[in-house]
There are 2 protein chains.
Amino acid sequence: MTARAAHTSHNHRACIDDALATARALCDERGTQLTPLREKVLQIVWKSHKPVGAYDVLDELARSHKAARPPTVYRALDFLMAEGLIHKIESLNAYLGCIEAGAPHTGQFLICRNCGATEEIVDPKLETALEAAAARAHFKAERKIVEISGLCARCIV
Amino acid sequence: MTARAAHTSHNHRACIDDALATARALCDERGTQLTPLREKVLQIVWKSHKPVGAYDVLDELARSHKAARPPTVYRALDFLMAEGLIHKIESLNAYLGCIEAGAPHTGQFLICRNCGATEEIVDPKLETALEAAAARAHFKAERKIVEISGLCARCIV
DNA sequence: ATGCGATTGTTATGTTGTATCATCGGGCCA
DNA sequence: TGGCCCGATGATACAACATAACAATCGCAT
């Protein structure tokens, strides 16, 4: 799938379909189980380019899956994160579909405080700067969280 | 006050005293009220170089202040953040004393997953990389969160 | 058929954070 | 001096986010 700015208009249906197809291919290749439940949760997270809370996922999931409870959702989210199919946005306690599933990475995010749209970027220079900063402090970096909030291009007056 | 690696041994008593003195000076200068309650909360947050949860602050505060309730603590934490005296570590839902109080900045943090010690760094190159990444996406950055978790120098075998 | 591991169901609870209204206390001014 | 305003704190309740612990189910290899 191709990276795409969250704010650009696009056929989001295709966007979701791409994500699901990529997910199915990846899990098949890895021998992990993208069950119908997990796929449904992935689809719900992908409904928009805005991070979605676990309980919003639960509400949506419950429409078609009455047995859904918080652990149902959190387990699915955990699986999807472990497979690199979604990211957690720590500053929002919310989850977002990953645009580069398959290429292991820790995401870098631009979060619009006005419209909520959140764009995942992959910036090698930023990545290098993060590594360098850690190295200078003799720190072994494992997970690198970058969440920049502000105004997206569409929301700047 | 001088920046200091979280893992280095030092006279932490002096470390706290410095932080409190700086805080008092800053609030005095700004005409904001560092009340006894707020100062006590700041002191509790500074008890170590590990981020501390709001409810841990509450437990500690309640020892000397029986009326303490969650809003008591959250209001104090909000004030201290607004004054730039503490930071919130989003990935831990916890709070940490700021080592550069007075110089407005969004912190960058190295969080040891083994010992919990968290070092605040101020890295101009990283700052530049963050700005550049946002600019490339035509994004107006306001708050920049960087939280790197891994192993600190002392915890690397 | 049986036992094993992975997935999901189910109930309960733990953790983090806010909304709302009441009360207190100091400064200000008529 | 008395009343008023406002920022800080008290107090109660609740909302939002997340996990513990155990039961049930199901495919599959032995």
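Here the structure is a predicted model, which means the values were calculated and not measured.

Caption draft 1: How the structure looks around the nonpolar core. In this structure, Leu126 and Phe139 of chain A together with Leu126 and Phe139 of chain B are the most contacted members of the largest nonpolar core, which totals 30 residues. For this core, the elements supplying multiple residues, two or more each, are strand S3 (108-112), helix H5 (124-136) and strand S5 (140-151) of chain A together with strand S3 (108-112), helix H5 (124-136) and strand S5 (140-151) of chain B. Look past the residues within four positions of Leu126 of chain A in its chain and what remains in contact with it is Gln108 and Val146 of chain A together with Leu126, Ala129, Leu130 and Ala133 of chain B.

Caption draft 2: Representation of the packing of helix H2 (residues 36-45) of chain A against helix H3 (residues 54-62) of chain A in the model. All names here are of chain A. At a closest axis distance of 10 Å, the pairing of H2 and H3 adopts a crossing angle of 120°. Classed by the angle they form, the pair H2 and H3 counts as oblique. Like other packed secondary-structure pairs, H2 and H3 cross with a definite hand, here right-handed. Together, Leu37, Lys40, Val41, Ile44 and Val45 of H2 and Val57, Glu60 and Leu61 of H3 make up the contact between the two elements. In the contact of H2 with H3, the residues fall into six nonpolar, no polar and two charged.

Caption draft 3: The arrangement of the protein's contact with DNA strand C in detail. In the vicinity of DNA strand C lie 18 residues, with Thr35 and Arg75 of chain A together with Tyr55, Tyr74 and Lys88 of chain B positioned nearest. Per the 4 Å cut-off to the protein, sugar and phosphate atoms form 48% of the nearby atoms of DNA strand C. Among the elements of the structure, H2 and helix H4 (70-82) of chain A together with helix H4 (70-82) of chain B are those that each provide at least two residues to the surface near DNA strand C. The biggest single contributor to the surface near DNA strand C is H4 of chain B, with four residues.

Caption draft 4: Broad picture of the sheet that holds S5 of chain A. Across the sheet, which stays open at both edges, the six strands sit in the order S4(A)-S3(A)-S5(A)-S5(B)-S3(B)-S4(B) with mixed pairing between neighbours. Lying at the two open borders of the sheet, with one neighbouring strand each, are strand S4 (118-121) of chain A together with strand S4 (118-121) of chain B. When strand polarity is set aside, the average angle formed by the axes of neighbouring strands in this sheet is 20°. Alignment of S3 of chain B against S5 of chain B, held across five bridges, turns out to be parallel. Paired with Cys112 of chain B across the bridge in S5 of chain B is Gly150 of chain B. Against the sheet, H5 of chain A engages S3 and S5 of chain A together with S3, S4 and S5 of chain B, with an angle of about 130° to S5 of chain A. In the packing of H5 of chain B onto the sheet, contacts are made with S3, S4 and S5 of chain A together with S3 and S5 of chain B, and the angle to S5 of chain B comes to roughly 130°.

Caption draft 5: Broad picture of the packing of aromatic side chains. Residue and element names in this part refer to chain A. Taken as a whole and assessed by the stated rule, the structure comprises two aromatic pairs over all chains. Note on Tyr55 and Tyr74: the rings are 6.4 Å apart at their centroids and 65° apart in plane angle, and the pair reads as edge-to-face. Here the residue Tyr55 occupies a position in helix H3, and Tyr74 occupies one in helix H4, the gap between them amounting to 19 residues. Residue class for Tyr74 comes out partly exposed when judged on its relative accessible area of 33%. Against the face of Phe79 rests Arg38, its NZ or CZ located 3.9 Å from the ring centre.

Caption draft 6: Region of the structure containing the relation of the copies chain B and chain A. In the superposition of chain B on chain A (RMSD 0.0 Å, axial shift 0.0 Å), the rotation amounts to 180°. The superposition operator between the copies reduces to a two-fold rotation axis. Closest approach to the rotation axis within chain B is made by the C-alpha atom of Val146 of chain B, at a distance of 2.4 Å. Most of the interface of chain B is mirrored in chain A, where 100% of its interface residues again form contacts.

Caption draft 7: Up close: the pattern of salt bridges. The tally for this structure, following the rule as stated, stands at 20 salt bridges over all chains. Its salt-bridge partner being Asp123 of chain B, residue Arg136 of chain A comes within 2.4 Å of it at the nearest N-O pair. Note that Arg136 of chain A is positioned in helix H5 and Asp123 of chain B in the loop between S4 and H5, a pairing that runs across two chains. Residue Asp123 of chain B is classed as buried on the basis of its relative accessible area of 7%. Of the charged contacts in the structure, one is a salt bridge between Glu131 of chain B and Lys144 of chain B, with a shortest N-O distance of 3.0 Å. Of this pair, Glu131 of chain B sits in helix H5 while Lys144 of chain B is found in strand S5, placing the two residues 13 residues apart along the sequence. Among the charged side chains, a salt-bridge network with shared partners connects Arg113 of chain A together with Lys140 and Glu142 of chain B.

Each value, and the rule that gives it
Residues numbered from 1 in each chain as written. Chains lettered and ligands numbered in written order. Predicted model: local features only at pLDDT ≥ 70, side-chain atom pairs only at ≥ 80, totals over all residues. Heavy atoms only, no water. Core = buried A, V, L, I, M, F, W, Y, C linked by side-chain atoms within 4.5 Å. Buried < 20%, exposed > 50% of the residue type's maximum accessible area, 1.4 Å probe, protein only. Helix = DSSP H or I, 4+ residues; strand = E, 2+ residues; numbered from the N terminus. Contact = heavy atoms within 4.5 Å. Axes fitted to C-alpha atoms, helices over the stretch in contact; angles between N-to-C directions. Parallel < 35°, antiparallel > 145°, perpendicular 65-115°, else oblique. Left-handed = near helix turned anticlockwise from the far one by under 90°. Nonpolar A, V, L, I, M, F, W, Y, C, P; charged D, E, K, R; others polar. Near = heavy atom within 4 Å. Pairing = 2+ DSSP bridges. Phe/Tyr/Trp six-rings, centres within 6.5 Å; stacked < 30°, edge-to-face > 60°. Lys NZ or Arg CZ within 6 Å of the ring centre and 35° of its normal. Least-squares fit on C-alpha atoms with pLDDT ≥ 70 in both. Salt bridge = Lys/Arg side-chain N within 4 Å of Asp/Glu carboxyl O.

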